[in-house]
Amino acid sequence: MSRILTDTFGRKHTYLRISLTERCNLRCTYCMPEQGVQLQPNDNLLTTKEILDLSELFVREGITKIRLTGGEPTVRKDLMDIVKGLNRLRPLGLEKIAMTTNGLALKRKLPQLLDNGMDQLNISLDTLDPFKFELMTRRKGFDHVYESILQAASMPFDSVKLNCVVMRSNQQELVDFVELTRELPLTVRFIEYMPFDVSYKDMLQQLLKTYPQMERSLDDPNDTSKHYTVPGFKGRFGFITSMTEHFCGTCNRLRILADGNMKVCLFGNTEVSLRDMLRSGQDRETLVQTIGQAVQRKKKQHAGMSALEHMPNRPMILIGVHQNHFIQSHQQVRFYSQLTHIDQKGSAQMVDVGSKEVTTREAEAEAMVLLGKEAFDLVKENKNKKGDVLTVAQIAGVQAAKQTSNLIPLCHPLLLDKIDVTLSLHDLDHSVRIRTRVRCTGKTGVEMEAITAASMAACTVYDMCKAVNKAIEIRHIRLLCKSGGKSGDYKR
């Protein structure tokens, strides 16, 4: 191990993360704004040769593992050339080639990645609900990601890990994720989304209720995750606790960003441009000395939460860790200004519509209730003991639309011109499909009225049928389209 990659605290850096691109084919809400981020010109990014030249330099100095990240690394056209080039570094000491990906475009690349030398894959997935996936990523594609995970787990990679950022919105899915490890040789890793949401200890206590027999398992050296297993399960799961219980003391990671800048700490704002040194013709010795000086300046641990909120740093998507580690709190705060019902301090506010024009506004929404065969047959034959389920649910939906401002605190009370609520039966999946349409002439939209009508109609169906089947599921409550207003039209 070269002394160049050993810092003043004796930490030996053997792990290099290389971001291949700033681009991503998803728009995860906690990672980047819907319109994306400002990207650098392609000429500013490292070329294939520059990536491989720097990789060789680091391997010769003691790096044994290289992970490819993004953005989303699979969007880079020369990905296979890079993996092949890294594979040729094994005689110099490289032991592992890994990649972190969102899995959207992964499945068809898996055989070639394996053949070219890829050892380990980390695939990001924050929900097992296709509809919620679309909300969280602002893109369709759940099936592609899930199929990529299943196929990767069936192939002879050294390890396949599933990374899940845990928030209040998906906390109820923890058990579902752990269940994946029952039959699949996966490592599921739950990542703290702090300081706003769910901590490691919260997650642990929740899972212990379902799996009291779960056992702490042995972690690998320099591991960022605290691992557990359920006896009899083929895989395992763990928790990445970057802030509540940081792992700075065993950190062995260095990062090269897509533009060739090197970071010795994820949370630090100091960067060294290795790209500029390469392009100016600096020799290997100068490069090695510069890298060594940067490593020597690495601090004992990153700053505390209160300090991190105010430190200038790149957005997470540009550092290449949005799928894998702690998400900075200031990233969340920065989005407050984009939410109309929240002021700059994060406090709730009612939108002032006084200056808006009066126009015709219309919105449609839907919901689905999976009844099960017995309850479905009773509804279909109108033999439910509580009465005509479809008619009562229709009336409930109409009433709910009119009461939306009383149910949802920041909604304006509106005079509605028309409310349509229709319910239909579907024999194939024993479901009731609910469709609502609401129209008004006013200064603000009726999306919430349409969604509230669909929601309450679905709840009424559940209430009237729960004596027959308490396992009834309400799914896919969502806006289908809206028209009118300054924000323009929308159609799912």
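This text follows the structure it describes.
Since we're looking at a predicted model, the values are computed, not measured.

Scanning the chain from terminus to terminus reveals 16 helices and 17 strands. When burial is assessed residue by residue, the chain has 53% of its 492 residues classed as buried. A sequence separation of at least 24 residues applies to 71% of the contacts in the chain between residues at least 6 apart. Accessible surface, the chain: about 22600 Å² in total, of which carbon and sulfur atoms supply 51%.

Right, let's get into the sheet that holds strand β14 (residues 416–426). As summarised here, the arrangement of the five strands in space is β14-β15-β13-β16-β17, forming an open sheet in which the pairing is antiparallel. In this open sheet, the two edge strands, each paired with only one partner strand, are β14 and β17 (490–491). The sheet contact formed by strand β13 (residues 359–370) and strand β15 (residues 431–442) spans 12 bridges and is antiparallel. Bridged to R361 within β15 is C440. Packed on one face of the sheet, helix α14 (residues 389–402) meets β14 and β15 and runs near 150 degrees to β14.

Strand order in this open sheet of 12 strands is β7-β8-β9-β6-β5-β4-β3-β2-β1-β10-β11-β12, and the pairing throughout is mixed. Two strands in the sheet have a free side with no partner beyond their single neighbour: β7 (215–216) and β12 (272–273). Here strand β5 (residues 159–166) pairs with strand β6 (residues 187–192) via six bridges, running parallel. Bridge pairing links V166 to E192 in β6.

It is worth spelling out the nonpolar core at this point. The biggest cluster of nonpolar side chains holds 87 residues, and the ones touching the most others in it are F58, L68, F190 and F237. Sort the elements by how many residues they give to this core and helix α1 (residues 48–61) lands first, with six residues. The contact partners of F237, leaving out residues within four places of it in the chain, are V178, V188, F190, L207, M214, K226, H227, Y228, T229 and V230. In this structure, A375, V432, I472 and L479 belong to the second largest nonpolar core, which totals 29 residues.

Within helix α13 (residues 373–380) the residues assigned to the buried category are A375, F376 and V379. An end-on view of α13 places all buried positions within 100 degrees of arc, on one side of the element. Exposed and oriented more than 90 degrees from the buried face of α13 are K373 and E374. Buried residues along α13 sit against α14, β14, β15 and α16 (447–465).

Let's shift gears to the pattern of salt bridges. Summed over the entire model, instances satisfying the criterion amount to 28 salt bridges. In this structure, E147 engages K107 in a salt bridge whose closest nitrogen and oxygen atoms are separated by 3.5 Å. Here K107 lies in the loop between β3 (96–101) and α3 (110–115) and E147 lies in helix α5 (residues 142–153), a separation of 40 residues in the sequence. One network of salt bridges, with partners in common, ties together E362, E364, R435 and R437.

This part takes up the packing of helix α6 (residues 174–183) against helix α7 (residues 200–210). Packing of α6 against α7 leaves a shortest axis separation of 10 Å and a crossing angle of 65 degrees. For the element pair α6 and α7, the recorded crossing hand is right-handed. On α7, the residues touching L174, V175 and V178 of α6 are M203, Q206, L207 and T210. Looking at side-chain class alone, the contact of α6 with α7 contains five nonpolar, two polar and no charged residues.

Turning our eyes to something else, we now look at the pairing of β6. With six of six residues buried, β6 lies mostly within the body of the structure. Judged from the five bridges that link them, β6 and strand β9 (residues 236–240) form a sheet pairing that is parallel. When the bridges of β9 are listed, I191 appears paired with I240.

Time to look at the pairing of β13. When β13 meets strand β16 (residues 473–483), the two strands line up antiparallel, connected through eight bridges. Pairing of A363 across the sheet is with K482, part of β16.

We now examine the side chain of R67. Within the fold, R67 resides in strand β2 (residues 65–69). The buried category is assigned to R67, whose relative accessible area is 2%. At 3.1 Å, the side chain of R67 and the side chain of T100 are in polar contact. When residues no more than four places from it in sequence are discounted, the contact partners of R67 are Y15, L16, R17, I18, A98, M99, T100, Q120 and N122.

You can see S55 is positioned in helix α1. Residue S55 is classed as buried on the basis of its relative accessible area, which comes to 0%. Within polar-contact distance, the side chain of S55 engages the backbone oxygen of I51 at 2.7 Å. Other than its neighbours up to four places away in sequence, S55 contacts I18, I66, L86 and L89.

Criteria and thresholds
Residues numbered from 1 in each chain as written. Predicted model: local features only at pLDDT ≥ 70, side-chain atom pairs only at ≥ 80, totals over all residues. Heavy atoms only, no water. Helix = DSSP H or I, 4+ residues; strand = E, 2+ residues; numbered from the N terminus. Buried < 20%, exposed > 50% of the residue type's maximum accessible area, 1.4 Å probe, protein only. Contact = heavy atoms within 4.5 Å. Areas by Shrake-Rupley, 256 points an atom, 1.4 Å probe, with all protein chains shown as cover. Pairing = 2+ DSSP bridges. Axes fitted to C-alpha atoms, helices over the stretch in contact; angles between N-to-C directions. Core = buried A, V, L, I, M, F, W, Y, C linked by side-chain atoms within 4.5 Å. Arc of directions from axis to C-beta. Salt bridge = Lys/Arg side-chain N within 4 Å of Asp/Glu carboxyl O. Left-handed = near helix turned anticlockwise from the far one by under 90°. Nonpolar A, V, L, I, M, F, W, Y, C, P; charged D, E, K, R; others polar. Polar contact = N/O pair within 3.5 Å; in protein donor to acceptor, adjacent residues only side chain to side chain.

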